[in-house]
Amino acid sequence: MEQTEVVKPETLDELTAILHKIFESDNINVEEVQNIMESYESKPHEWMKYAKFDQYRYTRNLVDEGNGKFNLMILCWGEGHGSSIHDHTDSHCFLKLLQGQLKETLFDWPDRKSHGDMVQKSQRILQENKVAYINDSIGLHRVENVSHTECAVSLHLYSPPFETCQTFDQRTGHKNTVKMTFWSKYGERTPYNICILDRKHKAKEVKLLGE
Amino acid sequence: MESQEGAAAAATRDCVLDFSRLSLNTFNVNNVSEDRRRDTRQLFLNYNRLYALPSSVSLFYNLELLDISNNGLTTICEGITRLAKLKTLLAKNNRLDEFSLPKEFGSLQLEVLNFSGNRFQEIPLQCTKLLRLQSLSIGGNRLKSIPAEIEYLTSLEMLYLGGNLISDIPPELAHLPYLTYLVLCDNRIQSVPPQLARLHSLRSLSLHNNLLTYLPREILSLVHLQELSLRGNPLVVRFVKEMIYDPPSLLELAGRTIKSRNIPYFPYDMPSNLVLYLDLASKCPNPKCAGVYFDSCVRQIKFVDFCGKYRLPLMHYLCSPECTSPCSSNPQSDAESEEENSVPADRLQRVLLG
């Protein structure tokens, strides 16, 4: 199939719409997705409503559920906030910097037998608007905002969506499975894992009340 | 309805004066009308090229928030101390140091103060006088230490000191009753004082990228701690076979006997310095030992299981080598840690060791 014309998404909504189209197919062209995401120039007023920070740790804020094919979310990193070393549960992971910078450290999967330190493979600083890609066959990574003065905001796309992943202890290589939660969904804070109605159902409910 | 909303929006607009990102070399307060100065609650002067803030900023007498981050400021004018209603001062990424603050800076009613990204080598004493301060950030500076006077900041809930040159944590830090978020990452800290266990409100402790080899066992008593970051520390992984143990003195042996046999004593029985000595007895943490110790103790590193996931080296002080337990000799084994040292999973939800 011919690659579609490169259309530069001018807004976050346009980017989301293009991603919906791309992910209709089951074959994902990683470069295509990376290019599309990179060509969207971050405009804070478009994503500000999703950028909810927590004082103590980074937050995950759902933007779009991608018709079940992908999850699009915005992560907010306060000063010094970082993730543990983690995998991506057999999914594609795209990470775009919307504001600030993030340090990505790559690790190999620990040997089943080894009980020593996990050694880092490489490290890089991701700049604003750049897009990084990773999947389990490439390895594991840790993502951190190493700045003591600036916050960072990143846009993540995971396909297929996943709710659990494994985190790794760098000193021993031991892993455990963790469940991932959302700090907010569609711009609404979702504490205590209370499910909120998604937009489709909300529209339905409004209609019923109007009758 | 709509006109009310419009008026409210206009009022909000009037309250905020945004002069950020204008490449200003100077800020002329006289360019703002008297009415506007009276109504302004938030003044943004960040991302300019100001070398100085004019003292006439005090004419914004109702100001609650002032953002002068990302300029070239080397001093903060004396006029700022006249802003009686100022609650938030953001001065990140300037060239300020401990000599930059006006003498009466401590008289401000600040609740939030951010000096991250400057050149402070010390936390100025004026800052320790800000009794209403809830949030203090001096990350990314050149601080070599934390003054004991930090304990005066009794309202402090958030303290961010990451990215400095701090080598020690003063035990006085433990006197802050409302501290919930303590960030000390990217420093040169070699040990954590056991007194920090008194920070009962502590929810999040960031210690990654320091020089810690172990933690005090008292850290286990921080019941509200949910996040603890320890990566990038040279934490001991091998069992410390060498146990440094100076045999106890006669004084100590006598003291131990008195305490462990509950021999009663009264102030008129002996010189006051001995009474004081007896009162300082520490109980041996070994649950099978009812003993006490004074100065002579065995320092031993024991590995404690956190939520069944991570093994942390904690420093234990025991009254004698007999109090050590053989099962802790292999930190890499999957054998259970002693019951009393296991921390249940719900206690520490995010130990970001790895």
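Residues numbered from 1 in each chain as written. Chains lettered and ligands numbered in written order. Predicted model: local features only at pLDDT ≥ 70, side-chain atom pairs only at ≥ 80, totals over all residues. Heavy atoms only, no water.

Asks: Is there a simple way to explain the overall build of chain B in this structure?
Replies: A tally of regular secondary structure across chain B gives four helices and 16 strands. A buried classification covers 49% of the 354 residues belonging to chain B. Restricting the contact set of chain B to residue pairs at least 6 apart, pairs at least 24 apart contribute 43%. Carbon and sulfur atoms make up 52% of the accessible area of chain B, which totals about 17,200 Å². (Helix = DSSP H or I, 4+ residues; strand = E, 2+ residues; numbered from the N terminus. Buried < 20%, exposed > 50% of the residue type's maximum accessible area, 1.4 Å probe, protein only. Contact = heavy atoms within 4.5 Å. Areas by Shrake-Rupley, 256 points an atom, 1.4 Å probe, with all protein chains shown as cover.)

Asks: What am I meant to see in unusual backbone geometry here?
Replies: A negative phi angle is the norm for most residues apart from glycine, just as the trans form is the norm for most peptide bonds. Geometrically, the link from S159 of chain A to P160 of chain A is a cis peptide bond, its omega value of -10° lying close to zero. Inspection of the secondary structure puts P160 of chain A in the loop between β9 (152–159) and β10 (164–168).

Asks: Would you mind showing me how to read the UniProt feature "binding site: Fe cation" (unreviewed entry) in chain A here?
Replies: Residues and elements named next belong to chain A. Under the UniProt annotation, "binding site: Fe cation" (unreviewed entry) lies at H86, H88 and H141. A maximum C-alpha distance of 9.3 Å among these annotated residues, which run over 56 residues, shows that they cluster at one spot. By secondary structure assignment, the location of H86 is in strand β3 (residues 85–86). You can call H86 buried: its relative accessible area is 13%. The contacts of H86, once residues within four sequence positions are left out, are L140, H141, C165, Q166, T167 and F168. When you line up the elements, H88 lands in the loop between β3 and β4 (92–99). Taking relative accessible area as the criterion, H88 reaches 1% and is therefore assigned buried. (UniProt positions renumbered as here; feature names shortened; annotations may be inferred.)

Asks: I keep staring at the confidence of the model for chain A and nothing clicks. Help me out?
Replies: Note that predicted coordinates carrying low pLDDT should not be read in detail. When pLDDT is averaged along chain A, the result is 87; 86% of the residues meet or exceed 70. Segment residues 194–211 of chain A: pLDDT under 50, and 11 contacts once partners within four positions in sequence are set aside and those in other chains are kept. (pLDDT = per-residue confidence, 0-100.)

Asks: How should the nonpolar core be read in this particular structure?
Replies: Soluble globular proteins tend to bury their nonpolar side chains together. In this structure, L66, I80, L89, F105, L113, F115 and L182 of chain B are the most contacted members of the largest nonpolar core, which totals 68 residues. Beyond its immediate chain neighbours, meaning those up to four positions away, F105 of chain B contacts I80, T81, L89, L110, L113, F115, Q126, C127 and L130 of chain B. In this structure, I36, V63, L98 and L155 of chain A belong to the second largest nonpolar core, which totals 26 residues. (Core = buried A, V, L, I, M, F, W, Y, C linked by side-chain atoms within 4.5 Å.)

Asks: Just checking my understanding: could you explain the environment of I85 of chain A for this structure?
Replies: For I85 of chain A, the location among the structural elements is in strand β3. Using a relative accessible area of 0% as the deciding quantity, one classes I85 of chain A as buried.

Asks: What exactly am I supposed to notice about the packing of helix α1 (residues 12–22) of chain A against helix α2 (residues 30–39) of chain A here?
Replies: Each pair of packed helices can be summarised by the angle the axes make with each other and by the distance between the axes. All names here are of chain A. Between α1 and α2, the least distance of the axes is 10 Å, while the angle of their chain directions is 170°. Our classification of the angle between α1 and α2 gives roughly antiparallel. Contacts from L15, I18, L19 and I22 in α1 reach E32, V33, I36 and M37 in α2. Grouping the amino acids of the contact of α1 with α2 by side-chain chemistry returns seven nonpolar, no polar and one charged. (Axes fitted to C-alpha atoms, helices over the stretch in contact; angles between N-to-C directions. Parallel < 35°, antiparallel > 145°, perpendicular 65-115°, else oblique. Nonpolar A, V, L, I, M, F, W, Y, C, P; charged D, E, K, R; others polar.)

Asks: How should the pairing of strand β11 (residues 175–179) of chain A be read in this particular structure?
Replies: Residues and elements named next belong to chain A. Note that β10 and β11 share five bridges and pair antiparallel. Along β11, the bridge assignment pairs F168 with K175. Here β10 folds back onto β11 in antiparallel fashion, the turn holding six residues, of which G173 has a positive phi close to 80°. (Pairing = 2+ DSSP bridges.)

Asks: Any chance you could explain the interface of chain B and chain A here in plain terms?
Replies: One frequently used descriptor of interface size is the decrease in accessible area upon assembly of the parts. Across the boundary between the two partners, chain B contributes 32 residues, which contact 23 residues of chain A. When chain B packs against chain A, the two sides together hide about 2,100 Å² of surface, and 45% of this comes from carbon and sulfur. Run the count over chain B and chain A and you get two salt bridges. With a shortest N-O distance of 2.8 Å, E144 of chain A and R231 of chain B are connected by a salt bridge. Those elements that provide at least two residues to the side of chain B that touches chain A are β7 (158–160), β15 (310–318) and β16 (350–352) of chain B. Counted by class, the side of chain B that touches chain A contains 12 nonpolar, 12 polar and eight charged residues. (Buried area = accessible area lost by both parts, 1.4 Å probe. Salt bridge = Lys/Arg side-chain N within 4 Å of Asp/Glu carboxyl O.)

Asks: Is there a simple way to think about the packing of aromatic side chains in this case?
Replies: Where two aromatic rings form a pair, the distance of their centres and the angle of their planes describe that pair. Applying the stated criterion across every chain yields a total of 11 aromatic pairs over all chains. Measuring from ring centre to ring centre gives 4.5 Å for Y58 of chain A and W77 of chain A, while their planes differ by 20°; the resulting arrangement is stacked. Residue Y58 of chain A is located in the loop between α3 (44–47) and β1 (59–64), and its partner W77 of chain A is located in strand β2 (residues 71–77); the two are separated by 19 residues in the primary sequence. Like W77 of chain A, Y58 of chain A is buried. When the ring of F27 of chain B is compared with that of F60 of chain B, the centres are 6.2 Å apart and the planes differ by 25°; the resulting orientation is stacked. Of this pair, F27 of chain B sits in the loop between β1 (16–18) and α2 (34–39) while F60 of chain B sits in the loop between β2 (42–44) and β3 (65–67), placing them 33 residues apart in sequence. For F27 of chain B, a relative accessible area of 8% translates into the label buried. Every member of this aromatic cluster is reached through a ring pair, and the members are F19, F27 and F60 of chain B. (Phe/Tyr/Trp six-rings, centres within 6.5 Å; stacked < 30°, edge-to-face > 60°.)

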